[in-house]
Amino acid sequence: MTTVYIIRHAEAEGNVYRRCHGQYDSLLTPRAYEQLPFLAKRFENVPLDAVYASDLFRARTTAKAVAAPHGLSVETRPVLREIDMGDWEDLTWAELPRVWPEEYAQWRARPWEAAPPHGESVMQAGRRMLDGVRALVRQHDGGAIAVVTHGSAIRGALTIAHGFAPEQMAEIGWGDNTCVARLDFDGPEQIDVVYENDASHLPQALSTFASIGWTDNKGVPTTPQIWFRRADPMNAADAEKIIAFMRELHRNAYGTDAGLQPDALLHDVVRAQQVSPRACCFGCAEDGEPVALVYLKTWYDAEPGVGLVGGFCIDAAYRGHGLSGQILGQAISVYRMLGKEYLAAHVGVDNVRAQGFYQKFRFEQRGEYADANGSHYRMFKRIAVD
C-alpha cells in the first residue's frame, strides 16, 4: 500500500481578490503564512518519503512548509497544476456573467463538464492531476508521500477516486486552504479515500472560508464581489464620478479637498490610460453602479520596477464588506502585467485609515517624503512572482 496525502495550497491572492487564478501564477497572502506553521505541525511526525508540488508558486511554497520538518526538498511537477482557466485567467469572478454569460451559466449549472474558453473542465484537470499522482505512486510503492496541489484539481481527482460519476462532483464539495485528503493506493489504480477536505489543523480565525463568508464547503462567498470597467475621463458622467471619488479620498487623507485640481487629475488619468486602459477603473456592483475607484499612476517612471497607486477609494456604504482585497487585486493585476516588481503608495502620516489598509496587506514603510499636501509614508509591497 502507498499512502498519498493530497494537500491544497495555503491561501493565495485569487482566493481573497476573488479572481480566476487557475494556472495564473500568483503569490500567497499574509494569512497564508500564518496557516503554514499549522500545516507543518500537522505533518511533523507523519512519515514521508518525498514531497511533491505543482510548479506554481502557491503550491511549491506551501510544500516547503510540509517538507522542512523532514529535511526533504520539494520536487515540482507541472502535471499537478490547477485547472487551466483559459480566457478567464485573472478575470474577476463577478465579470464572467457579464462578458461570458452563456459559458458562465454552463459553468455554474454543469461544472463537471463545462470549461472556460480555451481551458479545461474540473474533471479534465482532476484526471490530469490524478494521473500525475499515479505516476508518483509507481515510484514510491509501499511508501508515503505528500502532494501539494490545487482546489479544482483536487475536487475532480476525488470524484474519480471515489468512483463517482462526473455529475456527482458536488458531493465532494470544496476544501479550505491547506486542507488534506488521504488516499491509500493498492497499486496505481485501486484507491481508498480515507478522508478528504480536512482542515482541522487550522484555527477558525485562519480559515479562508470563514474570512470570505462561506457557510459550508459547498457554498458561495456571501461577501460582495465587484467587477471592473474602464472609467472614461472623456465621458462627463464618468469624469464627474472620478473627481467625486478623489475628492472623498482627499478629504479622508487631508481633511480637505482644497488641494485637488480636477483638470490636472483628469489629464493624468488620460496619461495613465495611454499606458494601460485599466489604469483607472470603477469597481462596480452587480447592477453596474460604481462603488469603488482604482486609479494607478502608470505614467510614473521615477523608480524602475515600481508601480504607484494614484488612489483607492470605496464608497462609504460598501466599506467593511471585503472589497479592499478586490481593489488591491485589480492594481496588482495591472502592474504585474506591466512587469512591475513592487506596488507602492504614498500615505499621509495622519491618515490612519489608509495606513491600516496598507498594513493589513503587509506593505512595508520605506521612508517619508513631503509635498504640498503634507508628509507621507512611502509604502511598498512586492508583487513579482519568483
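Conventions we followed
- Residues numbered from 1 in each chain as written.
- Predicted model: local features only at pLDDT ≥ 70, side-chain atom pairs only at ≥ 80, totals over all residues.
- Heavy atoms only, no water.
- Helix = DSSP H or I, 4+ residues; strand = E, 2+ residues; numbered from the N terminus.
- Rg over C-alpha atoms; globule rule 2.2 N^0.38 Å.
- Buried < 20%, exposed > 50% of the residue type's maximum accessible area, 1.4 Å probe, protein only.
- Contact = heavy atoms within 4.5 Å.
- Salt bridge = Lys/Arg side-chain N within 4 Å of Asp/Glu carboxyl O.
- 1 Å grid on protein atoms, 1.4 Å probe; cavity = no way out; pocket = protein on both sides within 12 Å on 5 of 7 lines; lining within 4 Å.
- Points joined across faces, edges and corners; volume = space filled by probe spheres on them.
- Axes fitted to C-alpha atoms, helices over the stretch in contact; angles between N-to-C directions.
- Parallel < 35°, antiparallel > 145°, perpendicular 65-115°, else oblique.
- Left-handed = near helix turned anticlockwise from the far one by under 90°.
- Nonpolar A, V, L, I, M, F, W, Y, C, P; charged D, E, K, R; others polar.
- Pairing = 2+ DSSP bridges.
- Phe/Tyr/Trp six-rings, centres within 6.5 Å; stacked < 30°, edge-to-face > 60°.
- Lys NZ or Arg CZ within 6 Å of the ring centre and 35° of its normal.

Along the protein chain, the regular secondary structure elements total twelve helices and 13 strands. For 386 residues, the compact-globule formula gives about 21 Å, and the C-alpha radius of gyration of the protein chain, at 23 Å, lands near that figure. In the protein chain, which comprises 386 residues, the share counted as buried stands at 55%. Pairs at least 24 apart in sequence give 68% of the contacts found in the protein chain among residues at least 6 apart.

Our next topic: the pattern of salt bridges. Within the structure shown, the criterion is met by 24 salt bridges. Salt-bridge contacts for arginine 42 lead to aspartate 198; the nearest nitrogen and oxygen are separated by 2.9 Å. Separated by 156 residues along the polypeptide, arginine 42 in helix 2 (residues 30-43) and aspartate 198 in strand 6 (residues 190-198) bring together distant segments of the chain. Arginine 42 gets classed as partly exposed once you look at its relative accessible area, which sits at 21%. Between aspartate 386 and arginine 382 there is a salt bridge whose closest N-O contact spans 3.2 Å. Linked by salt bridges that have partners in common, Asp131, Arg134, Arg138 and Glu189 make up one network.

What follows covers empty space enclosed by the protein. Counted according to the given criterion, the structure contains three cavities of 30 Å³ or more. Considered as a void within the structure, the largest cavity measures approximately 50 Å³ in volume. Lining the largest cavity are Arg8, Gly151, Ile154, Arg155, Leu158, Ile172, Gly173, Trp174, Gly175, Cys179 and Asn197. Among the elements that make up the lining of the largest cavity, the one with the highest residue count is helix 7 (residues 151-161) (four residues).

A separate point is the packing of helix 9 (residues 236-254) against helix 10 (residues 262-275). Interhelical geometry of helix 9 versus helix 10 gives an angle of 110° and a closest axis separation of 11 Å. Taken together, the axes of helix 9 and helix 10 are roughly perpendicular relative to one another. Along this stretch, helix 9 crosses helix 10, giving a crossing that reads as right-handed. Residues Ala239, Ile242, Ile243, Met246 and Arg247 of helix 9 form the contact with helix 10, whose participating residues are Pro262, Leu265 and Leu266. Residue composition of the contact of helix 9 with helix 10, grouped by class: seven nonpolar, no polar and one charged.

Here seven strands make up an open sheet; going across it, the order is 7-8-9-10-11-13-12 and the pairing mixed. Two strands close off the open sheet at either side, each with one partner strand: strand 7 (227-230) and strand 12 (364-371). The sheet shows a mean angle of 30° between the axes of neighbouring strands, direction not considered. Where strand 7 lies against strand 8 (residues 280-284), four bridges are found, and the strand directions are antiparallel. Looking across to strand 8, one finds that arginine 229 is bridged to phenylalanine 282. Sheet strands in contact with helix 9 are strand 7, strand 8, strand 9 (290-297), strand 10 (306-314) and strand 13 (374-382), and its direction is about 95° off that of strand 10. Taken strand by strand, helix 10 contacts strand 7, strand 8 and strand 9, and its axis lies near 70° from that of strand 9.

Turning to unusual backbone geometry, a few remarks are in order. Excluding glycine, residues mostly carry a negative phi; peptide bonds, for their part, are mostly trans. One non-glycine residue with positive phi stands out, namely arginine 18, at about 60°. Considering the arrangement of structural elements, one finds arginine 18 in the loop between helix 1 (13-17) and helix 2. Of note, asparagine 197 is a non-glycine position whose phi angle comes to about 50°, a positive value. Mapping asparagine 197 onto the fold places it in strand 6. On the accessibility criterion, asparagine 197 (18% relative accessible area) is buried.

Within a pair of aromatic rings, the relevant descriptors are the distance that separates the centres and the angle that separates the planes. All chains considered together, the criterion is met by eleven aromatic pairs. Where tryptophan 88 meets tryptophan 107, the ring centres are 5.7 Å apart and the plane angle is 75°; that geometry is what we call edge-to-face. Placement of the pair is tryptophan 88 in the loop between strand 3 (74-76) and helix 4 (96-99) and tryptophan 107 in helix 5 (residues 101-109), with a sequence separation of 19 residues. You'll find tryptophan 88 and tryptophan 107 in the same group, each marked buried. One aromatic cluster in this structure is built from Phe312, Phe357, Tyr358, Phe361 and Phe363. Across the ring face of tryptophan 299, the terminal group of arginine 271 is positioned such that the distance to the ring centre comes to 4.3 Å.

Right, let's talk about the environment of leucine 39 for a bit. Note that leucine 39 resides in helix 2. Along the sequence, leucine 39 and valine 275 sit 236 residues apart, while their C-alpha atoms lie 42 Å from each other. Excluding its chain neighbours within four sequence positions, the residues that come into contact with leucine 39 are Ile7, Thr62, Val66, Thr178, Val180 and His201.

So, about the sheet that holds strand 5 (residues 180-186). The pairing of strands in a sheet happens through backbone hydrogen bonds and is either parallel or antiparallel. Read across the sheet, six strands follow the order 3-2-4-1-5-6 without closing on themselves; strand pairing throughout is mixed. A single partner strand is all that each edge strand has here, and the edge strands are strand 3 and strand 6. Across the sheet, the mean angle separating the axes of adjacent strands is 20° when strand polarity is ignored. Across three bridges, the pairing between strand 2 (residues 50-53) and strand 3 is parallel. Its bridge partner lying in strand 3, tyrosine 52 is registered against glutamate 75. Running over the sheet, helix 3 (residues 57-67) touches strand 1 (2-8), strand 2, strand 3 and strand 4 (144-149) and is turned about 165° from strand 2.

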